[in-house]
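# Examining the three-dimensional arrangement
Residues per chain, in single letters:
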Amino acid sequence: MNADKTVKLADYVFDYIKKLGVKDIFMLSGGGCMHLCDSLGRSGINYICCLHEQGATIAALAYSHYKNDLGVALVTTGPGSTNALTGVAGAWAESAPLMIISGQVKTADISGKSGVRMLGFQEAPTVDIVKPVTKYAVTVSDPRKIKYHLDKAVHIAKSGRPGPVWIDIPLDVQAAKINPAKLKGFKPAKEPARSLKKEALRVLSMIEKSQRPVIMAGYGIRISGAVNDFLKLIKMLGIPVLTTWKGADLLTDENPYFYGRPGTAGQRGANFILQNSDLFISLGARLDFGQIGYEHSSFAREAKKVIVDIDPAELNKFRFKIDMPINDDCGDLIREMLLLKPSPKNCRAWLDYCSQVNEKYPVVLPQYRKKKKYISTYVLAEEISRNMMNGDIFVPGSSGMCSDIPMQVFKFKKDQRSLNSPGIGSMGFGVPSALGACVASGKKRVICTNGDGGFQLNIQELETIRRLNLPVKFFVLNNDGYASIKTTQRNYFGGFYVGSNSTSGVTLPDTIKIAQAYGFKAFYLDKTSAIKKVIKKILNSKGPAICEVMIDPMEAVAPKVSSAVEADGKMFSKPLEDLYPFLPRPEFLKNMIIKPIKEG
Ligand SMILES: Cc1ncc(C[n+]2csc(CCOP(=O)(O)OP(=O)(O)O)c2C)c(N)n1
Ligand SMILES: [Mg+2]
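Residues numbered from 1 in each chain as written. Chains lettered and ligands numbered in written order. Predicted model: local features only at pLDDT ≥ 70, side-chain atom pairs only at ≥ 80, totals over all residues.

### A closer look at the packing of helix α12 (residues 268-276) against helix α16 (residues 348-360)
α16 packs onto α12 with a crossing angle of 150° between their chain directions and a minimal axis gap of 7 Å. It follows that α12 is roughly antiparallel to α16 by the angle criterion. Of the two elements, α12 crosses α16, and the hand of that crossing is right-handed. Judged by residue contacts, Gly-269, Phe-272 and Ile-273 of α12 engage Cys-354, Val-357, Asn-358 and Lys-360 from α16. Partitioning the contact of α12 with α16 into residue classes produces four nonpolar, two polar and one charged. (Axes fitted to C-alpha atoms, helices over the stretch in contact; angles between N-to-C directions. Helix = DSSP H or I, 4+ residues; strand = E, 2+ residues; numbered from the N terminus. Parallel < 35°, antiparallel > 145°, perpendicular 65-115°, else oblique. Left-handed = near helix turned anticlockwise from the far one by under 90°. Contact = placed C-beta atoms within 7 Å. Nonpolar A, V, L, I, M, F, W, Y, C, P; charged D, E, K, R; others polar.)

Below you can see the structure in the form of structure tokens.
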């Protein structure tokens, strides 16, 4: 671009994004973004045409996750923008720097404060709609401020706790001529120099004084680019580490300090470890209800708690005392601790306890492998995990058993990534996330487990995957609808099914026919004895593939925290260590180091 000449604003936008290093943009065109589409086409950036804006924004979110950098989507006015919302809410929940560029009707045609709903058509008050789920959202009304808004949006999206930003550009502004040399930018305020040495020393001293320390490793470690430093640190410290679902791929299963993934649908051993600890250190984990349970009062109740989170609001939400809240970047604390070269903690007895509870309570039980009529999701997930290679990408659908069970079962290998969105927990993330991850990785192999229900949402992106001939392998779990909802209806509504399976209003089309219609290789799996062979075949097949797997329609997630309904209708949850199916009480008590909560 010649700095002395004027250029079209839309051209400037994509030139700017290209210079940021963004190689791919997910889009769906429209008249309301016609200049932006034209400019993107001419920019040299690879553009991927999704078939629904929700698909485009979710794909851009997964792209951002994989690269730990900006993901970008381009959408049109009105419905194009409202359709994009779920991916944006996802990026908000999942702390991803997602940038949406949208078209808007001409400045003169914006209904604004006129009182009418819209003056023309395909208009929406986009910025007002997206404000609560974005870190920065603006309609660019003055073409001369485009650089300012782009600078600011990118800075905000990537700094602190990352999140989505939205730049809405009216048609006339898209077409406006600007002189790049005369544009004013945005300069972020300088952050005051700070050191976390004091905090690092204190955490190390707390570890030294503890007997049963545990680290909860969250996705924040990856966001702050500290994965390798973290691995070095835990090797030095030699204390047990648990991960969140979002941080599941931080540690391989072979790491000697990895002891599992706790939670309300967590592993029994990991929950015993968490609850019996006397020092709990959380690094970049949000610690939501799924991770630490609904009853804050019973969570790690005898442990001193150190919680490191860059978002101050997260530190204020807990209904228990935090002994040491650190409102800062967990990566900086990790690096500071490394500099102090801590010596290994001698906690052999505690490490032995951790190994023992994990060995005692495997997730995949022998009886699951003996199923004759159907396949157990547990056995399927175990076998998929076993056959995945170093560097493969795993995408669980983001809601339902297809996402919960793999998080209990999976054993991650070297350089594998798990791209999930457990925060937003939305159906319909599987297909577009697999697309975005595959593009971001330069066409690495992607394996996705998807519920038969969730598969229907954003199914249109199968065509995008086929068009690009991406090596994405879907396992679609046919369990006659919404298993997670069926479980709830069995547990709390006496088995009265409403809108959850084929007898209560939810019918689903034939997966094999879908695979064929979309030009995917199709596989079918209905026998446990055939799992190994079929999985190998699918994983070794070239290009995209779909495998329908016949799952027991009555299968449920286990173990899991159970809730009970009190006489007044209120729900209460058992403590995290006491998962359903309940252990015989004497056995349960044997595993407890801290004081158990009285039954009844
Ligand atoms: C967009 C969206 N709508 C509704 C829900 C509520 N919901 C949670 S799980 C679930 C059922 C998912 O069914 P399926 O994808 O087949 O997974 P399964 O539980 O059967 O493994 C539903 C409807 C949701 N999470 N997301
Ligand atoms: Mg299902």
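### Here we look at the environment of Phe-26
Looking at the element boundaries, Phe-26 is found in strand β2 (residues 24-27). Owing to 32 C-beta atoms within 10 Å, Phe-26 belongs among the buried residues under this scheme. In this structure, the C-alpha to C-alpha distance between Phe-26 and Val-72, residues 46 residues apart in sequence, is 6.5 Å. Those residues in contact with Phe-26, other than ones at most four positions away along the chain, are Ile-48, Cys-50, Ala-56, Ala-59, Ala-60, Ala-73 and Gly-436. (Buried ≥ 20, exposed ≤ 12 C-beta atoms within 10 Å, placed from the backbone.)

### Quick notes on the domain arrangement of the chain
Here the chain is partitioned into domain 1 (7-182), domain 2 (197-360) and domain 3 (366-550). For domain 1 and domain 2, the distance between their C-alpha centroids amounts to 37 Å. The residue inventory of the side of domain 1 that touches domain 2, partitioned by class, reads one nonpolar, three polar and one charged. (Domains from an automatic or database assignment.)

### Quick word on the packing of helix α1 (residues 9-19) against helix α2 (residues 34-43)
Between α1 and α2, the shortest axis-to-axis distance is 8 Å and the interhelical angle comes to 45°. By the angle class used here, α1 and α2 are oblique. Where α1 crosses over α2, the two elements pack in a sense that is right-handed. Facing Ala-10, Asp-11, Val-13, Phe-14, Asp-15 and Lys-18 of α1, the residues of α2 in contact are His-35, Leu-36, Asp-38, Ser-39, Leu-40 and Ser-43. Its residues assigned to classes, the contact of α1 with α2 shows five nonpolar, three polar and four charged.

### Structural notes on the sheet that holds strand β3 (residues 46-49)
With parallel pairing, six strands are arranged side by side in an open sheet as β3-β2-β4-β5-β7-β6. What marks the edges here is a single partner per strand, and that holds for β3 and β6 (136-139). Neighbour to neighbour, the strand axes of the sheet diverge by 20° on average, direction disregarded. When β2 meets β3, the two strands line up parallel, connected through four bridges. Bridging across to β3, Ile-25 finds its partner in Tyr-47. (Pairing = 2+ DSSP bridges.)

### Some thoughts on helix α7 (residues 146-158)
With 13 residues, α7 should cover 18 Å at 1.5 Å per step; its first-to-last C-alpha distance of 18 Å lies within 8% of that length. Within the span of α7, buried status applies to Ile-146, His-149, Leu-150, Ala-153, Val-154 and Ala-157. Down the axis of α7, the buried set is contained in an arc of 125°. They therefore lie on one face. Residues of α7 that are buried make contact with α1, β5 (98-104), β6, β7 (165-170) and β8 (177-178). (Expected span 1.5 Å × (residues − 1). Arc of directions from axis to C-beta.)

### As for the pairing of β6
The side-chain alternation of β6 yields one buried face, formed by Ala-137 and Thr-139, and one unburied face, formed by Tyr-136 and Val-138. The pairing of β6 with β7 spans four bridges and is classified as parallel. The residue bridging Ala-137 from the neighbouring strand is Trp-166, located in β7. Between the parallel elements β6 and β7, the chain passes through α7 in a crossover that is right-handed. (Right-handed = clockwise from strand over helix to strand, strands pointing away.)

### Side note on the site of ligand 1
In the vicinity of ligand 1 lie 19 residues, with Gly-400, Gly-451, Gly-453, Gly-454 and Ala-483 positioned nearest. When contributions to the shell around ligand 1 are tallied by element, the ones reaching two or more residues are α19 (401-409) and α22 (483-492). At three residues, the largest contribution of residues to the shell around ligand 1 is made by α22. Considered class by class, the residues forming the shell around ligand 1 number seven nonpolar, 11 polar and one charged. (Near = placed C-beta within 6 Å.)

### A closer look at the nonpolar core
Residues Ala-56, Ala-73, Ala-437 and Cys-547 are the most contacted members of the largest nonpolar core, which totals 112 residues. The leading source of residues in this core is helix α3 (residues 53-67), at eight residues. Taken domain by domain, the makeup of this core includes at least three residues from each of domain 1 (7-182) and domain 3 (366-550). Residues Met-216, Phe-280, Leu-283 and Met-337 belong to the second largest nonpolar core, which totals 48 residues. (Core = buried A, V, L, I, M, F, W, Y, C linked by C-beta atoms within 7 Å.)

### Here we look at unusual backbone geometry
For the bond running from Ala-558 to Pro-559, omega is 0°, close enough to zero to count as cis. Along the chain, Pro-559 falls in the loop between β19 (545-550) and β20 (563-565). One non-glycine residue, Ala-300, lies in positive phi territory at about 30°. A positive phi angle is found at Asn-469, which is not glycine, with a value near 50°. Within the element layout of this structure, Asn-469 appears in the loop between α21 (461-467) and β17 (472-478).

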